Amino acid sequence: MSTTPKISVIIPCYNAERYIVSAISSVFAQDWPNLEVVVVDDGSSDRSAELICASFPEVRLVQQRNQGIAVARNHGIACAQGDWIAFLDADDIWLPGKLQAQWDTLSAIPGTRMCHTAFEFWTSTEPSPEPAFLAALQRRSGDRKRWLGVSGWIYPQLLLDCAVWTSTVLVHRSVFSEVGPFDQSLRIGEDYDLWLRISRVTKILHVAFPYALYRLHPTSITRSIVQENHRGLVISRALARWGYLSPDGSSARKADVDRALANTWSEFACVHLTAGNFIRARQAALTALRIDLTHAKGWKVLISTFAGSLFSQK
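Thresholds applied
Residues take numbers from 1 onward in each chain, read along the sequence in its written order. Only residues with pLDDT of at least 70 get local features here, since the model is predicted, and only at 80 or more are side-chain atom pairs given and counted; chain-wide, interface and lining totals rely on the full set of residues. By convention in this description, side-chain values take in all heavy atoms of the structure and omit both hydrogens and water. Under the DSSP-based scheme used, a helix requires at least four consecutive residues in state H or I and a strand at least two consecutive residues in state E, with every element numbered from the N terminus. In this treatment the radius of gyration is a C-alpha quantity, and the globule benchmark scales as 2.2 Å times the residue count to the 0.38 power. For every residue, the accessible area obtained with a 1.4 Å probe (protein chains only) is divided by the maximum for its type, and the residue is called buried under 20%, exposed over 50%, and partly exposed between those limits. Working rule for contacts: check all heavy atoms of both residues, and any pair within 4.5 Å makes them a contact. Accessible surface area values rest on a Shrake-Rupley calculation with a 1.4 Å probe, where residue burial reflects the displayed protein chains alone. The charge count includes Lys and Arg as positive and Asp and Glu as negative, but it does not include His or the ends of the chains. For charged residues, the charge sits on one atom: NZ in Lys, CZ in Arg, CG in Asp, CD in Glu. Domain delimitation in this document rests on an assignment produced automatically or drawn from a domain database. UniProt positions are given in the numbering used here, feature names are shortened, and annotations may be inferred rather than shown by experiment. One bridge is not enough; two strands pair if DSSP finds at least two bridges between them. Nonpolar cores are built from buried Ala, Val, Leu, Ile, Met, Phe, Trp, Tyr and Cys residues. Side-chain atoms within 4.5 Å join them into one set. Every helix has an expected span of 1.5 Å times one less than the residues it contains. Between the N-to-C directions of two axes lies an angle of 0 to 180 degrees, each axis being a line fitted to C-alpha atoms and, for a helix, fitted only over the stretch in contact. Angular relationships are summarised with four words: roughly parallel below 35 degrees, roughly antiparallel beyond 145, roughly perpendicular across 65 to 115, and oblique for the angles in between. Left-handed describes a crossing whose near helix is turned anticlockwise from the far helix by less than a right angle; the clockwise case is right-handed. Amino acids are sorted into nonpolar (Ala, Val, Leu, Ile, Met, Phe, Trp, Tyr, Cys and Pro), charged (Asp, Glu, Lys and Arg) and polar (every other residue, Gly among them).

Taking an unreviewed UniProt entry as the reference, the protein chain is identified by name as Glycosyltransferase belonging to Candidatus Accumulibacter cognatus.

Set out below in C-alpha cells:
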C-alpha cells in the first residue's frame with residue numbers, strides 16, 4: 001500500500017448553502033494529491049448547487065430529485081472513480097491530516113479495507129469553527145485515551161452501539177460489491193446497518209485522534225417523532241443473520257446485547273411518552289421488558305405511560 005490511491009469523497013447535500021462551502025474547503029485542505037470530490041445534490045431548493053459551481057469548478061456535482069441520504073450516498077458511490085471512498089456530510093468538517101492518518105493506519109495492516117477516526121461534537125450554526133474552539137480541541141487532542149475507539153473485527157462491539165460515525169469513514173469500494181450499498185429502505189440507521197455488514201468482511205481500524213467535527217444544530221430542538229425503532233431493527237436483523245459471533249471467533253455476550261437492544265426500545269418509548277403517545281410508548285416499553293425483564297428504564301417508562309394516561313383523562 002505504498003502508492004497514493006485515488007480517494008473519492010462523497011458529500012450528500014440538501015439545502016446546505018450555509019455550510020457546503022466550508023465542508024468542501026475542509027476536504028481540499030487535506031494533504032492528499034489524488035482526490036476526487038463528488039457532491040450529490042438531493043433536490044435542494046436553495047443556492048447550494050450554485051455555490052458549489054461558483055466556488056469549486058473541480059467538484060463533480062451530481063443532481064437528483066429529493067430521495068434521501070441513503071440514495072444520495074449510493075448515487076455518489078456509483079459515480080465515484082476512486083478505489084477508496086470517504087464520506088462527509090454537508091454540514092460537517094474535516095480537520096487537516098485526516099486522510100493521511102487513515103492511510104498510514106491502513107498501510108500498517110495490509111488487506112484491511114475500512115478505517116474511521118475519532119471526532120468532536122460541535123454545536124454551532126457558523127459555517128466554520130472559531131479559532132478558540134480549534135485551539136481548545138488541539139490542547140485536548142494529545143490525550144489518546146480520550147479518543148480511543150473500537151478497532152479490528154468489531155462486529156461484537158457494533159451490536160452494542162453504532163461506534164462508527166459516517167463522516168469519519170474511509171472504505172475500499174470493493175466491500176460494496178460484497179455486502180451491498182446503503183439500505184435505501186431505512187430512513188434512519190442506514191449507516192449503522194452498513195457498518196455491521198462491512199464488519200463481517202474486513203477489520204475496521206480506528207485512528208485515536210479527532211480529525212472531524214460533528215455539527216450539532218442548537219436550533220434543531222423540535223424534531224419529527226420517528227414511527228419505527230430503526231436502531232432496534234438494525235440490531236435485530238444483524239442478530240437474525242449472524243448471531244453474536246464475529247468472523248475472528250470473538251463473540252458478544254447475549255446479556256450485553258439484550259441490554260443494548262432493550263435500551264433502544266426504552267429510548268423509543270421515551271420519545272413517544274414525551275409526545276403524549278402513551279399507547280405507542282407502552283408497547284415499546286413492553287418490548288424492552290420482553291427482551292430484558294431487568295431493564296429498569298423499561299419499567300420506569302411503562303409505569304409513566306399509565307400515569308400519563310390517567311392525568312390526560314382528567
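From this point, things continue past the structure.
**Student:** Which parts of the structure should I look at to understand the overall build of the protein chain?
**Tutor:** Of the regular secondary structure elements, the protein chain holds twelve helices and eight strands. In terms of C-alpha radius of gyration, the protein chain reaches 21 Å, essentially the compact-globule figure of 20 Å for 314 residues. Across its three principal directions, the C-alpha atoms of the protein chain cover 65 × 50 × 40 Å. Looking at the protein chain as a whole, 51% of its 314 residues qualify as buried. Intrachain contacts of the protein chain at a sequence separation of at least 6 include 78% that bridge at least 24 residues. Counting only carbon and sulfur atoms, one obtains 54% of the accessible surface of the protein chain, whose full area is about 14,800 Å². A distance of 8 Å separates the average location of the 32 positive side-chain charges in the protein chain from that of its 29 negative side-chain charges.

**Student:** Help me understand the environment of A136, please; the structure alone is not making it clear to me.
**Tutor:** Tracing the backbone through its elements, the reader meets A136 in helix 5 (residues 131-141). Overall, the relative accessible area of 19% leaves A136 in the buried class.

**Student:** Mind showing me how you'd approach the domain arrangement of the protein chain here?
**Tutor:** Here the protein chain is described as being made up of domain 1 (7-223) and domain 2 (253-310). Each of domain 1 and domain 2 was reduced to a C-alpha centroid, and the two centroids are 32 Å apart.

**Student:** How should I be thinking about the UniProt feature "domain: Glycosyltransferase 2-like" (unreviewed entry) in the protein chain in this particular structure?
**Tutor:** The feature "domain: Glycosyltransferase 2-like" (unreviewed entry), as given by UniProt, occupies residues 8-108 in the numbering adopted here. Span residues 8-108 is 39% helix and 25% strand, its end C-alpha atoms 21 Å apart.

**Student:** Please clarify how the sheet that holds strand 8 (residues 204-216) should be interpreted in this entry.
**Tutor:** Strand pairing in a sheet relies on backbone hydrogen bonds, with the paired strands running either antiparallel or parallel. The eight strands lie next to each other as 3-2-1-4-7-6-8-5, forming an open sheet whose pairing is mixed. Here the strands that pair on one side only, and so sit at the sheet edges, are strand 3 (60-64) and strand 5 (93-94). Note: strand 4 (residues 84-87) against strand 7 (residues 170-172), three bridges, orientation antiparallel. Counted as the bridge partner of W84 is H172 from strand 7.

**Student:** Would you take a moment to explain the nonpolar core for this structure?
**Tutor:** Here is a general trend for soluble globular proteins: nonpolar side chains tend to be buried in one another's company. Counting residues in hydrophobic clusters, the biggest one holds 38 residues, and the most contacted among them are F87, V171, W195 and I198. Elements with a contribution of two residues or more to this core: strand 2 (35-42), helix 3 (69-79), strand 4, helix 6 (155-160), helix 7 (174-179), helix 8 (190-198), helix 9 (230-242) and helix 10 (254-274). With five residues, the single largest contributor to this core is helix 8. Excluding anything up to four places from it in sequence, F87 contacts I10, R73, I77, W94, T166, S167, T168, V169, V171, F176, F182 and W195. If you look at the next biggest cluster of nonpolar residues, it comprises 31 residues, including I20, I24, L88 and A90.

**Student:** Even after reading the chapter, I still don't get the pairing of strand 4, so can you show me in this structure?
**Tutor:** Residues in a regular strand project their side chains so that they alternate between the two faces of the sheet. Because side chains alternate across strand 4, one face comprises the buried residues W84 and A86, and the other comprises I85 and F87, equally buried. Pairing analysis gives four bridges linking strand 1 (residues 7-13) to strand 4, with the strands arranged parallel. Across the sheet, the residue bridging to S8 is I85, located in strand 4.

**Student:** Help me understand helix 9, please; the structure alone is not making it clear to me.
**Tutor:** Since one α-helical turn is 3.6 residues long, residues separated by three or four positions face the same way. Over its 13 residues, helix 9 extends 18 Å from the first C-alpha to the last, a length consistent with the 18 Å expected when each residue adds 1.5 Å. For helix 9, every residue scored as buried is listed here: H230, G232, V234, I235, A238 and L239. Those residues of helix 9 that are buried are in contact with helix 6, helix 8 and helix 10. Looking at the residues trailing helix 9, positive phi occurs at G243, about 70°.

**Student:** Help me out: how do you make sense of the packing of helix 9 against helix 10 in this one?
**Tutor:** Packed helices, taken two at a time, are described by their axes: the angle between them and the distance between them. Across the interface, helix 9 lies against helix 10 with an axial gap of 8 Å and an inter-helix angle of 150°. Comparing the axis directions of helix 9 and helix 10 gives the class roughly antiparallel. Pair helix 9 / helix 10 crosses with left-handed handedness. Contacts between helix 9 and helix 10 involve R231, G232, I235, S236 and L239 from the former and V257, L261 and T264 from the latter. Each residue belonging to the contact of helix 9 with helix 10 can be placed in one class, and the counts come to four nonpolar, three polar and one charged.

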